[in-house]
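One letter stands for each residue in the lines below.
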Amino acid sequence: LGVDLVTHKICSLDCVYCECGKTTNLTLQRGPYVPFDSVKAELDHYWEHNEDPDYITFSGSGEPTLNQDLGRVIAYIKAQKPGVKVAVLTNSTLLKDPGVRQELSLADLVIPSLDAVSKAAFIKLNRPVKAVSVEDIIHGIQAFSREFTGKIWLEIFILPGVNDTHKELKALKEVILSIDPEMVQ
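Residues numbered from 1 in each chain as written. Predicted model: local features only at pLDDT ≥ 70, side-chain atom pairs only at ≥ 80, totals over all residues. Heavy atoms only, no water.

Participant: What am I meant to see in helix 5 (residues 134–147) here?
Facilitator: Residues three or four positions apart in an α-helix share a direction because the helix packs 3.6 residues into each turn. Taking 1.5 Å per residue as the helical rise, helix 5 with its 14 residues ought to reach 20 Å, and the 20 Å between its terminal C-alpha atoms agrees with that figure. Along helix 5, the residues that are buried comprise V134, I137, I138, G140, I141, Q142, A143, F144 and S145. The secondary structure elements touched by the buried residues of helix 5 are helix 3 (98–104), strand 6 (109–112), helix 4 (119–126), strand 7 (151–154) and helix 6 (166–179). (Helix = DSSP H or I, 4+ residues; strand = E, 2+ residues; numbered from the N terminus. Expected span 1.5 Å × (residues − 1). Buried < 20%, exposed > 50% of the residue type's maximum accessible area, 1.4 Å probe, protein only. Contact = heavy atoms within 4.5 Å.)

Participant: Got a minute to help me understand the packing of aromatic side chains in this structure?
Facilitator: How two aromatic rings sit relative to each other is given by the distance of their centres and the angle of their planes. Applying the stated rule across the entire model yields four aromatic pairs. Their ring planes at 15° and their centres at 4.0 Å tell us that Y17 and F157 sit as a pair that is stacked. Taken as a pair, Y17 in the loop between strand 2 (10–11) and strand 3 (25–26) and F157 in the loop between strand 7 and helix 6 lie far apart in primary sequence, 140 residues in all. Arranged with centres 4.6 Å apart and planes meeting at 20°, the rings of F144 and F148 form a pair that is stacked. Judged on exposure class, the residue F144 and its partner F148 are both buried. Grouping aromatic residues by their ring pairs yields a cluster made of F36, W47 and Y76. Just above the ring of F36 sits the side chain of R72; from NZ or CZ to the centre is 3.8 Å. (Phe/Tyr/Trp six-rings, centres within 6.5 Å; stacked < 30°, edge-to-face > 60°. Lys NZ or Arg CZ within 6 Å of the ring centre and 35° of its normal.)

Participant: Please clarify how empty space enclosed by the protein should be interpreted in this entry.
Facilitator: In this approach, a probe sized like a water molecule rolls over the atoms, and the result shows the empty space that is left. Under the defined criterion, the tally for this structure stands at one cavity of 30 Å³ or more. Here the largest cavity is characterised by a volume of approximately 50 Å³. As for the largest cavity, its lining consists of L13, Y17, N91, S113, L114, D115, A116, F122, N126 and I137. (1 Å grid on protein atoms, 1.4 Å probe; cavity = no way out; pocket = protein on both sides within 12 Å on 5 of 7 lines; lining within 4 Å. Points joined across faces, edges and corners; volume = space filled by probe spheres on them.)

Participant: For this particular structure, what's the right way to read the nonpolar core?
Facilitator: Nonpolar side chains in soluble globular proteins tend to end up buried together. Formed by 51 residues in total, the largest nonpolar core has its most connected members in L43, I56, F58, V73, I77, L104 and L114. Excluding residues that lie within four positions of it along the chain, L43 makes contacts with L1, V3, I56, V73, Y76 and I77. (Core = buried A, V, L, I, M, F, W, Y, C linked by side-chain atoms within 4.5 Å.)

Participant: I would appreciate a short explanation of the pairing of strand 6 in the present structure.
Facilitator: Side chains on a regular strand alternate between the two faces of the sheet. Covered by surrounding structure in strand 6 are L109 and I111 together with V110 and P112, the residues of both alternating faces. Note that strand 5 (residues 85–90) and strand 6 share four bridges and pair parallel. Residue pairing across strands places A87 opposite L109, the latter belonging to strand 6. Of the pairings in the sheet, the one linking strand 6 to strand 7 comprises two bridges and is parallel in character. Counted as the bridge partner of V110 is I152 from strand 7. (Pairing = 2+ DSSP bridges.)

Participant: In this structure, what is going on with the sheet that holds strand 4 (residues 55–58)? I would like to understand it.
Facilitator: Backbone-to-backbone hydrogen bonds pair the strands of a sheet. The strands run either parallel or antiparallel. Ordered in space as 1-4-5-6-7-8, the six strands form an open sheet in which the pairing is parallel. Strands at the two margins of the open sheet, each flanked by one partner only, are strand 1 (2–3) and strand 8 (183–184). Where strand 4 lies against strand 5, four bridges are found, and the strand directions are parallel. Within strand 5, the residue paired with T57 across the bridge is A87.

Structure (C-alpha cells):
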C-alpha cells in the first residue's frame, strides 16, 4: 500500500529522471503537507475494507520526510497493525537531521537514494534546493546506517555521461561500502 505524505511535487530535489515530472515546490521546509488526521482516516478506511498489505510504503509524488508527521504516522501504523511492515523511499536530503533519522528508525525498510558523490554530478542529476549538499547526503546516510536496525536498500540511478565515469563509480563504490546496505538497486 503506497502512502503519499506530500502533495504533488513538493520535494528537495528536482531530479532529471523523476517519473513525477518537474518539482513545483523545491524546499527543505518540513510541514504538515498532508495532515496526520487525514492520513489516519484514510488508513483506517483502508483497513476496514481490505486485507492487510505486506508493506505500507511511503514514497509518492514528493519527498516523504518533508512531512513533519512522518514518525507519528509510522508509529500509528505500528500500533494499529504491528504485523505490517513499513518501508520509506527517501531522496536522503533530510538524513543529516537526527530527528528525521529517529522518525525513520521506526520503519522496517528504508530505501535512501544516492545518485552521485561529486558535486558536479549531483547538481546536474539531482538539481537540489540550494541548502542541500552531496556531502550532507553522504554523511546523513552513513549516520543513519550506523543507527538503524532495520534494512537499508540503497537506490542509485546511473545516467550515462553524468555519473558513470570510472572516477565517479569508484568514489560511489567507496561510499557504498561505508554505508554497508543490505542491497544496492
